[in-house]
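One letter stands for each residue in the lines below.
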Amino acid sequence: MLNMDAATLSPVALFMQADWVVKGVMLGLLLASIWTWAIIIGFWAKLKRLSKGSDRFESDFWKTEDIDRFHNAHSKSDLPSAKVFDAGLTEWRRSTGGKSIDRDGTRARLATAMGSAVAHQIDELSDRLNILATVGAVAPFVGLFGTVWGIMRSFTAIAAEQNSSLAVVAPGIAEALFATAIGLFAAIPAVIAFNRFSHGINRLEARLNRFADGFHTTLSRELEIAS
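These numbers come from a predicted model, not from an experiment.

Counting across every chain of the model gives 14 aromatic pairs. Look at Trp62 and Phe211: their rings are 6.1 Å apart centre to centre, the planes differ by 70°, and that puts the pair in the edge-to-face class. Residue Trp62 is found in helix α2 (residues 20–63), and its partner Phe211 is found in helix α7 (residues 166–225); the two are separated by 149 residues along the sequence. Judged by its relative accessible area of 47%, Trp62 is partly exposed. Phe211 gets classed as buried once you look at its relative accessible area, which sits at 2%. Taking the centre distance of 5.6 Å and the plane angle of 75° together, the rings of Phe70 and Phe85 count as edge-to-face.

So this is what it looks like as structure tokens:
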């Protein structure tokens, strides 16, 4: 049925000689791998940009003497630190805009507003990581399904040929194992990237919370001298 040689066992040949089920598995896993790498590259670049931008933003913020002017200059920034700052300052203006000021209530609302802003930014940033987690968890089992199907096909070839020689079964087994290899090729980078990016997001969340705490402390001091 099938001859075992180097050309027959090449990746392209293994794909071409596979039946439609195994081909579908391989194509799906290859697309998942491409999608995974696109997310990895894009997310890595985004985290790097946010980290550098946050460094500049926070450094400039703690040096500024005019918070309102600083806010106007950074009102359109998409940095998480800028969003937390905007949430805090907006709540400050609302809470202190009246004739009387409820200091304890203002402090509580400031903490809630900035805490919600931190959570929202982290949720938005973490959204696409679910794809990496899904690929990392599912891809090996999809590849295993292709492997099982390919081995079943090899046994069918043995029965049809009435011959269990290596020349008959090797190509089918090779294509089956190739499906598993593609599954691992998609899953391993996804798992590694998910773990690394999760660590990066946790560090960013801690950084945002520190910034929010520092800004909250600054505004609390202003409450002490507010009339």
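Text resumes after the structure shown.
Glancing now at the environment of Leu79. Tracing the chain through its elements places Leu79 in the loop between α3 (67–73) and α4 (80–95). Through-space distance from the C-alpha of Leu79 to that of Gly53 is 6.9 Å; in sequence the pair is 26 residues apart. Excluding its chain neighbours within four sequence positions, the residues that come into contact with Leu79 are Leu50, Gly53, Ser54 and Phe57.

Let's shift gears to α4. The end-to-end C-alpha distance of α4 is 23 Å, a good match for the 22 Å that 16 residues give at a rise of 1.5 Å each. Residues of α4 that are buried include every one of Pro80, Ser81, Ala82, Val84, Phe85, Ala87, Gly88, Leu89, Glu91, Trp92 and Ser95, and no others.

Looking now at the environment of His120. Following the sequence through the fold, His120 ends up in helix α5 (residues 103–126). By relative accessible area, which is 44% here, His120 ends up partly exposed. Distance in space between the C-alpha atoms of His120 and Pro80 is 9.2 Å, their sequence separation being 40 residues.

This part is about the packing of α4 against α5. With their axes 9 Å apart at the nearest point, α4 and α5 run at an angle of 155° to one another. Considering the angle they form, α4 stands roughly antiparallel to α5. The way α4 lies across α5 gives a crossing that is right-handed. Facing Pro80, Lys83, Val84, Ala87, Gly88, Glu91, Trp92 and Ser95 of α4, the residues of α5 in contact are Thr106, Arg109, Leu110, Ala113, Met114, Ala117, Val118 and Gln121.

Within the largest apolar cluster, 34 residues are counted, with the highest numbers of intra-cluster contacts made by Val84, Phe85 and Phe197. For this core, the leading source of residues is α7, giving 10 residues. Beyond its immediate stretch of four places on either side in the chain, Phe197 contacts Ile40, Phe43, Trp44, Leu47, Leu129 and Leu132. Core analysis: the second largest hydrophobic core is formed by 12 residues, Val25, Val135, Ala179 and Ile182 among them.

Conventions adopted
- Residues numbered from 1 in each chain as written.
- Predicted model: local features only at pLDDT ≥ 70, side-chain atom pairs only at ≥ 80, totals over all residues.
- Heavy atoms only, no water.
- Phe/Tyr/Trp six-rings, centres within 6.5 Å; stacked < 30°, edge-to-face > 60°.
- Helix = DSSP H or I, 4+ residues; strand = E, 2+ residues; numbered from the N terminus.
- Buried < 20%, exposed > 50% of the residue type's maximum accessible area, 1.4 Å probe, protein only.
- Contact = heavy atoms within 4.5 Å.
- Expected span 1.5 Å × (residues − 1).
- Axes fitted to C-alpha atoms, helices over the stretch in contact; angles between N-to-C directions.
- Parallel < 35°, antiparallel > 145°, perpendicular 65-115°, else oblique.
- Left-handed = near helix turned anticlockwise from the far one by under 90°.
- Core = buried A, V, L, I, M, F, W, Y, C linked by side-chain atoms within 4.5 Å.

Read these as geometric descriptors, not functional statements.
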